[in-house]
Each structure stands twice: as C-alpha cells, then as structure tokens.
Amino acid sequence: MAFVLHSSDFPPGALIPIRFTCSGSDISPALLWSDPPPETDSLALICEDPDAPRGLWVHWVIYNIPKDTRGLLEAIPKVLELPDGTRQGVNDFGRTGYAGPCPPPGHGKHRYFFRLYALDVSLMLLPDATRADLLQAMEGYILAEAELMGLYER
C-alpha cells in the first residue's frame, strides 16, 4: 500500500473550507494518512503556500508525530508540545502551530501544500523550530513523503 495523505475536510485540489482560513476560525483541518514505511520512527508535516507575493510562505511546522499515529484531528491546539510529544514550530506569521490560508484579497487562488514526511528517527529539535530547521534536521532521514494540496482565495 502507498503512503497517502488526505483530509476528511476537503478533497485533493479542492477549495479549503473557510473555517480553516484566516477569514474563518483559523483552525487546522483534519488530516489522515495510511501506510508509512515499517521503519518509520516519527512523522513530520509542513504546510506552505508557494504562491505568496513574497515567495514561499509557511503555515505550519509540526514534527515528532508518533509513528503509530494515522492522523491529526481538526483544530490542533496552537501549543509548543502536545501531550503525545508532538512538537510544533513557528510559521511565517511568527506564531506557533497552524495559521490558515490568508492570501491578499484579489490575488487569485493560492495552492496550499500539506507535505507529510515519514522519518527513520525522532528529531532532536526543540519546540519552536522553523521550516528551515526542520528540513535540515530531516536531511538523510526521510523514508517517504505524502502530499495533499488545497486551494484558497479571498
């Protein structure tokens, strides 16, 4: 079976519902995945918008997700560390946790990529890591990657 990422809140390539954006409740969508490689020790996820006016914009950095986890519930608390040891980093809004799509009005549809990584290690990163910190720490430890893309415009 393949390592697949999907959401019960929107299908791949579809519009992200407003409640998951800055125009709504700004909560994280539910994400589900299947079949990470057996050697997986932890999972990490980055959500980013490559269509932002200033270039790539990071909306979520979350890592050290336990290997047996098969999803993230809707509305993950915006805290540095969750009870199961999952840690959240800083997004490009300068905040911890998820910050939803928030493109400039009239700028057209933006693509939001949720990229999930299966890693053969648990990372030694402290909470509050950036996307760059996470990518550097994951280098050489990525077993598989799954992706979900959604769209949003204001």
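Below: a short report on this structure.

## Comments concerning the packing of aromatic side chains
- Throughout the structure, instances matching the rule amount to 3 aromatic pairs.
- With centroids separated by 5.4 Å and ring planes inclined at 75°, the aromatic side chains of Trp57 and Phe93 adopt a geometry described as edge-to-face. Placement of the pair is Trp57 in strand S4 (residues 57–66) and Phe93 in the loop between strand S6 (87–88) and strand S7 (110–119), with a sequence separation of 36 residues.
- The class for Trp57 is partly exposed, based on a relative accessible area of 22%.
- On the basis of an interplanar angle of 80° and a centroid distance of 5.3 Å, the ring pair of Trp60 and Tyr98 is categorised as edge-to-face. One end of the pair, Trp60, is in strand S4; the other, Tyr98, is in the loop between S6 and S7, with 38 residues separating them in the sequence. Both residues of the pair, Trp60 and Tyr98, belong to the buried class.

## Section: the environment of Leu151
- Looking at where Leu151 falls in the secondary structure, it is placed in strand S8 (residues 142–152).
- Measuring from C-alpha to C-alpha, the distance between Leu151 and Arg19 comes to 13 Å, with 132 residues separating the pair along the chain.
- Those residues within four positions of Leu151 in sequence are excluded, and the remaining contacts are Gly13, Ala14, Leu15, Ile16, Lys109, His110, Arg111 and Tyr112.

## Regarding the nonpolar core
- Counting residues in hydrophobic clusters, the biggest one holds 25 residues, and the most contacted among them are Leu5, Leu31, Trp33, Trp60 and Phe114.
- For this core, the secondary structure elements donating two or more residues are strand S2 (31–34), strand S3 (42–49), S4, S7 and S8.
- Filtering out sequence-adjacent residues up to four positions away, Leu5 remains in contact with Leu31, Leu32, Trp33, Leu45, Phe114, Leu116, Ala146, Glu147 and Leu148.
- Of all hydrophobic cores here, the second largest spans 12 residues; its members include Ile46, Val58, Tyr117 and Leu134.

## Notes on the sheet that holds S3
- Read across the open sheet, the 5 strands follow the order S6-S4-S3-S7-S8; overall the sheet is antiparallel. The sheet is open, and its two edges are formed by S6 and S8, each paired on a single side.
- Of the pairings in the sheet, the one linking S7 to S8 comprises 10 bridges and is antiparallel in character. For His110, the partnering residue across the bridge sits in S8 and is Tyr152.

## Focus: the sheet that holds S2
- Taken together, 3 strands build an open sheet; the order of strands is S1-S2-S5 and the sheet is antiparallel. Taken across any chain shown, the strands that pair with only one partner, and hence form the sheet edges, are strand S1 (4–6) and strand S5 (71–72).
- Sheet topology places S1 next to S2; 3 bridges connect them, and they run antiparallel. Counterpart to His6 in the pairing with S2 is Leu32.

## Some points on unusual backbone geometry
- Its identity is not glycine, yet Asp35 carries a phi of approximately 50°, on the positive side.
- Here Asp35 shows up in the loop between S2 and S3.
- Assessed through its relative accessible area of 32%, Asp35 is described here as partly exposed.
- With phi around 65°, Ala75 is a residue other than glycine that occupies positive phi space.

Rules and cut-offs
- Within every chain, residues take consecutive numbers counted from 1 along the sequence as written.
- Under the rules for a predicted model, residues below a pLDDT of 70 receive no local features and side-chain atom pairs below 80 are neither given nor counted, while totals for whole chains, interfaces and linings still include all residues.
- To obtain the side-chain values, all non-hydrogen atoms of the structure were included, while hydrogens and water were left out.
- Pairing of aromatic side chains here covers Phe, Tyr and the six-membered ring of Trp, requires ring centres within 6.5 Å, and sorts the geometry by plane angle: under 30 degrees stacked, over 60 edge-to-face, intermediate tilted.
- Secondary structure elements are defined from DSSP: runs of H or I of at least 4 residues count as helices, runs of E of at least 2 residues count as strands, and each element is numbered from the N terminus.
- Here's how the labels work: a residue is buried when its accessible area is under 20% of the maximum for its type, exposed when over 50%, partly exposed in between, all with a 1.4 Å probe on protein chains only.
- Contact criterion: two residues are considered in contact whenever any of their non-hydrogen atoms come within 4.5 Å of each other.
- Residue types Ala, Val, Leu, Ile, Met, Phe, Trp, Tyr and Cys, when buried and joined through side-chain atoms within 4.5 Å, form a set referred to as a nonpolar core.
- Only strands joined by at least two bridges in the DSSP assignment are considered to pair.

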